[in-house]
Amino acid sequence: PAVVATGSSGQVLTSAGAGAAPTMAAGGDDNAPYFEAKNSSTQTPTDGTWTKMDMDTELFDSGGMFASGRFTPTVAGKYYLCIIGSLSGAVNSSFYQGDIAIYKNGTVDFAPIGIDQSSNYGKTAVFSVACISDMNGSSDYVEAWVNMNDAPGAGGTPQAGSACRFFGYRIG
């Protein structure tokens, strides 16, 4: 049997094939590039209008490919993408409809996922949308978009809160 030296933090045991001793190597970043971003503060989109979500605070950005609310990976492949949204009406019992969508290259990549509370207006709704999207590694980009509606005459504006998150990573 082969004797393997003890590895250090961040290393993984790697097979060198049948008959060869395994080696310790730096752990891979198999899902790179990846990112996670959020709104730094409450965003107030125009009532009833599709609006790009700010996503102006980067929490992770493994390859420096997320900027200005847009992820443009330079590695081709399939990517898991997700938006988690917290949407609120201007005042209590005023929020009646909201949608979030993942846009790719300026158009809807994954059909909007929404909520309709028109029969019982609420204040806040939390929901998410996720998809797997092919990215070409050069010009493809994705963004988070929101569309919200407050009850007519509610006053104020609907809000996309700072709890909104947008993240993604390569899966293959």
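Since the model is a prediction, treat every value here as computed from it, not as a measurement.

> In this structure, what is going on with the overall build of the protein? I would like to understand it.
What the protein contains, in helices and strands, is zero helices and 14 strands. For the protein, the sequential pattern of α-helices and β-strands runs β-β-β-β-β-β-β-β-β-β-β-β-β-β. For the protein, the residues scored as buried account for 37% of the 172 residues in total. Sequence separation of 24 or more characterises 70% of the internal contacts of the protein that already satisfy a separation of 6 or more. Carbon and sulfur atoms make up 51% of the accessible area of the protein, which amounts to about 8,600 Å² in all.

> Before we go on, may I ask you to explain the environment of Ser162 in this structure?
Take Ser162: it is sitting in the loop between β13 (159–160) and β14 (165–170). Under the relative-accessibility criterion, Ser162 is labelled partly exposed at 34%. Distance from Ser162 to Ser40, taken between C-alpha atoms, is 5.6 Å for residues 122 residues apart in sequence. When sequence neighbours within four positions are dropped, the list of residues in contact with Ser162 reads Lys38, Asn39, Ser40, Ser41 and Thr42.

> How do you make sense of the pattern of salt bridges when you look at a structure like this?
Considering all chains together, one arrives at five salt bridges under this definition. Arg165 is the partner of Glu36 in a salt bridge, and the nearest nitrogen-oxygen pair spans 3.2 Å. Placement of the pair is Glu36 in strand β3 (residues 34–38) and Arg165 in strand β14, with a sequence separation of 129 residues. The class of Glu36 is buried, set by a relative accessible area of 19%.

> Help me out: how do you make sense of the nonpolar core in this one?
Looking at soluble globular proteins, one finds that nonpolar side chains tend to be buried together. Core analysis: the biggest nonpolar cluster contains 25 residues, and Met55, Ile83 and Phe166 have the highest contact counts within it. Those elements giving two or more residues to this core turn out to be β3, β8 (77–88), β9 (95–104), β11 (124–135) and β12 (142–150). The element that contributes the greatest number of residues to this core is β11, accounting for five residues.

> Help me understand the pairing of β14 in this model?
Across five bridges, β3 lies against β14 in antiparallel orientation. Each bridged residue has a counterpart across the sheet, and for Ala37 the counterpart in β14 is Phe166. Where β8 lies against β14, six bridges are found, and the strand directions are antiparallel. Counterpart to Ile84 in the pairing with β14 is Arg165.

> What exactly am I supposed to notice about the state of the cysteines here?
Two cysteines, two sulfur atoms, one covalent bond between them: this is a disulfide. The full count for this structure, using the stated rule, is zero disulfides. Cys131 forms no disulfide, and the closest cysteine sulfur to it belongs to Cys82, at a distance of 9.0 Å. Taking relative accessible area as the criterion, Cys131 reaches 10% and is therefore assigned buried.

Criteria and cut-off values
Residues numbered from 1 in each chain as written. Predicted model: local features only at pLDDT ≥ 70, side-chain atom pairs only at ≥ 80, totals over all residues. Heavy atoms only, no water. Helix = DSSP H or I, 4+ residues; strand = E, 2+ residues; numbered from the N terminus. Buried < 20%, exposed > 50% of the residue type's maximum accessible area, 1.4 Å probe, protein only. Contact = heavy atoms within 4.5 Å. Areas by Shrake-Rupley, 256 points an atom, 1.4 Å probe, with all protein chains shown as cover. Salt bridge = Lys/Arg side-chain N within 4 Å of Asp/Glu carboxyl O. Core = buried A, V, L, I, M, F, W, Y, C linked by side-chain atoms within 4.5 Å. Pairing = 2+ DSSP bridges. Disulfide = S-S within 2.5 Å.

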